[in-house]
Structures are given as C-alpha cells and as structure tokens.
Amino acid sequence: MTAPMNVERMRSDVAEALAEVTEDTAAFADDDNLIDLGLDSIRLMSLATRWRAAGLEAGYLDLAMEPTVAAWSNLLEEKR
C-alpha cells in the first residue's frame, strides 16, 4: 500500500533519494535546492513518477523548475 501524498512523504522520499547519492541526508531544509544537494535528473524523474501514481498532479518539469520541498508542497496544495 502506498503512503498518502503529503509533505511528510515528500521529505521521506527525498531523503531516500538523496541517500543514494550522498551520506549526509539528515540536514536538508524545505527551501534547500535539492539539485545542489545531489538529487539528479533520474532520481527526480523517479520521484515525479512515484508521486504522480500517489495523486500529485505535477510532472518532472514542474518539479525541476523549483527543486525544493517547499515549492513541491505548494504544488501539492495547489493541485488538491
């Protein structure tokens, strides 16, 4: 069963994706640029696909335009 789409899930999924590319995943803020922290395009596409399946009506380009949890949580609220 898939967890509900919310900002907590976003943070958890981002931490998981960052853990694949860096050892320091504990310290990222909602307004940190996740690309600067090591999130690459493949992992971003994976997040977009996973979140779309969970109900987020935003795609890869929406996420890539402003790669922060804060911006993505705004997209989540706008699309509800």
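Refer to the structure above for everything that follows.
Overview of the structure. (Residues numbered from 1 in each chain as written. Predicted model: local features only at pLDDT ≥ 70, side-chain atom pairs only at ≥ 80, totals over all residues. Heavy atoms only, no water.)

### Overview of the overall build of the chain
Under the convention used in this document: Each helix is a run of H or I in the DSSP string that is no shorter than four residues. Each strand is a run of E no shorter than two, and both are numbered from the N terminus. Note on classification: 1.4 Å probe, protein chains only; a residue is buried when its accessible area is under 20% of the maximum for its type, exposed when over 50%, partly exposed between these limits.
Along the chain, the regular secondary structure elements total four helices and zero strands. Of the regular secondary structure in the chain, the N- to C-terminal order runs α-α-α-α. When burial is assessed residue by residue, the chain has 34% of its 80 residues classed as buried.

### As for the pattern of salt bridges
When the charged atoms of two side chains with opposite charge come close together, those side chains can pair. The criterion, for reference: What makes a salt bridge here is a side-chain nitrogen of Lys or Arg within 4 Å of a carboxyl oxygen of Asp or Glu, nothing more.
Inspection of the entire model under this criterion finds five salt bridges. A salt bridge links Asp13 to Arg50; the shortest N-O distance between them is 3.3 Å. Here Asp13 is found in helix 1 (residues 7-19), whereas its partner Arg50 is found in helix 2 (residues 41-53), with 37 residues between them in sequence. The buried category is assigned to Asp13, whose relative accessible area is 7%.

### A word on the packing of helix 1 against helix 4 (residues 69-78)
Cut-off, in case you're wondering: Lines fitted to C-alpha atoms define the axes, with helix axes restricted to the stretch in contact, and inter-axis angles between N-to-C directions lie between 0 and 180 degrees. In what follows, roughly perpendicular refers to angles from 65 to 115 degrees, roughly parallel to angles under 35, roughly antiparallel to angles over 145, and oblique to any angle outside these ranges. In this scheme the crossing of two helices becomes right-handed for a clockwise turn of the near helix relative to the far one and left-handed for an anticlockwise turn of less than a right angle. Contact definition: two residues touch when any of their heavy atoms are within 4.5 Å. Ten residues, namely Ala, Val, Leu, Ile, Met, Phe, Trp, Tyr, Cys and Pro, are considered nonpolar, four, namely Asp, Glu, Lys and Arg, are considered charged, and the remaining ones, Gly among them, are considered polar.
Closest axis-to-axis distance for the helix 1/helix 4 pair is 10 Å, and the angle between their directions is 140°. Classed by the angle they form, the pair helix 1 and helix 4 counts as oblique. As helix 1 runs across helix 4, the sense of the crossing is right-handed. Residue-level inspection shows Val7, Met10, Arg11 and Val14 of helix 1 in contact with helix 4, the latter providing Val69, Trp72, Ser73 and Leu76. Split into classes, the residues belonging to the contact of helix 1 with helix 4 amount to six nonpolar, one polar and one charged.

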